[in-house]
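Here's the letter readout for the chains.
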Amino acid sequence: MEKKEEQPFYEDRTFFVSSPSPKSPEKKRVLVFGTFDILHPSHLRFLYEARKTAGTDDCELVLVLARDSSILRIKGRAPIFNEYQRLRVISSIRLVDYVLLGNKGVEIFDVILQVDPDIIVLGYDQIPKHEEALRAFILSNHLTAKVHRLPKFESGDLSSSSEVREKVLEMKKSSSK
């Protein structure tokens, strides 16, 4: 009988999604959203600073990873790494306790009801119109989550995924001459 080869754990898409357990009254829960397409040092600083907003080391950081379809709709381009590749990368970071894929479609905030965060942290570049919609969603659902917007964190000349993308293209262009 031919032995069936097992699928490696890193190809199992569900392995990397980890829904948070019921919220503990002793731990603050911090929620962040993002694309995290090309991970760079400023992403790590953002996650670190997001955890700090809880005011304690004993907190949970829940990350909602943007779906490929949402990125295409919002940014007008597809991500370099698909949502499952990005999920594998971001779920391996110790700063992050739980990772969820965002909702498909336009009901992007419904995941907040599932997570029930104490704090929602936005990055400097997350679209301002979403902050107003987010605050309205919190109010209309009688939630107590506080919203914080963090500044841009510099990490040399490559502090955003766009800057990394441009640098790679520049290097490729100069190497082909």
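What you see is a predicted model; the values in this text were computed from it and never measured.

Criteria and thresholds
- Residues numbered from 1 in each chain as written.
- Predicted model: local features only at pLDDT ≥ 70, side-chain atom pairs only at ≥ 80, totals over all residues.
- Heavy atoms only, no water.
- Buried < 20%, exposed > 50% of the residue type's maximum accessible area, 1.4 Å probe, protein only.
- Helix = DSSP H or I, 4+ residues; strand = E, 2+ residues; numbered from the N terminus.
- Pairing = 2+ DSSP bridges.
- Core = buried A, V, L, I, M, F, W, Y, C linked by side-chain atoms within 4.5 Å.
- Contact = heavy atoms within 4.5 Å.
- Axes fitted to C-alpha atoms, helices over the stretch in contact; angles between N-to-C directions.
- Phe/Tyr/Trp six-rings, centres within 6.5 Å; stacked < 30°, edge-to-face > 60°.

Right, let's get into the pairing of strand 3 (residues 98-101). Burial along strand 3 is two-sided: Tyr98 and Leu100 and Val99 and Leu101, pointing in opposite directions, are all buried. In this sheet, strand 3 lies alongside strand 2 (residues 59-65) in parallel orientation, the contact comprising four bridges. What sits directly across from valine 64, in strand 3, is leucine 100.

Among the nonpolar cores identified, the biggest contains 21 residues, and Val32, Phe46, Leu47, Leu63, Ile90 and Val121 are the most heavily contacted of them. Counting residues per element, this core draws most heavily on strand 2, which supplies four residues. Filtering out sequence-adjacent residues up to four positions away, leucine 63 remains in contact with Val32, Phe36, Leu47, Ile90, Val96, Tyr98, Val99 and Leu100.

Spatial strand order, 3-2-1-4-5: five strands in an open sheet with parallel pairing. Of all strands in the sheet, those with a lone pairing partner are strand 3 and strand 5 (146-149), marking the two edges. Going from strand to strand, the sheet's axes swing by 25° on average, the running direction of each strand aside. Where strand 1 (residues 28-34) meets strand 2, seven bridges bridge the pair, whose relative direction is parallel. Bridge pairing in strand 2 links leucine 31 to valine 62. Against the sheet, helix 1 (residues 41-52) contacts strand 1, strand 2 and strand 4 (119-122), and its axis sits at roughly 135° relative to strand 2.

Inspection of the entire model under this criterion finds two aromatic pairs. Note on phenylalanine 33 and phenylalanine 109: the rings are 6.5 Å apart at their centroids and 75° apart in plane angle, and the pair reads as edge-to-face. With phenylalanine 33 in strand 1 and phenylalanine 109 in the loop between strand 3 and helix 4 (110-115), this residue pair connects regions lying 76 residues apart in the sequence. Note on phenylalanine 109: relative accessible area 13%, which makes it buried. With centroids separated by 5.9 Å and ring planes inclined at 45°, the aromatic side chains of phenylalanine 109 and phenylalanine 137 adopt a geometry described as tilted. Here phenylalanine 109 is found in the loop between strand 3 and helix 4, whereas its partner phenylalanine 137 is found in helix 5 (residues 128-140), with 28 residues between them in sequence.

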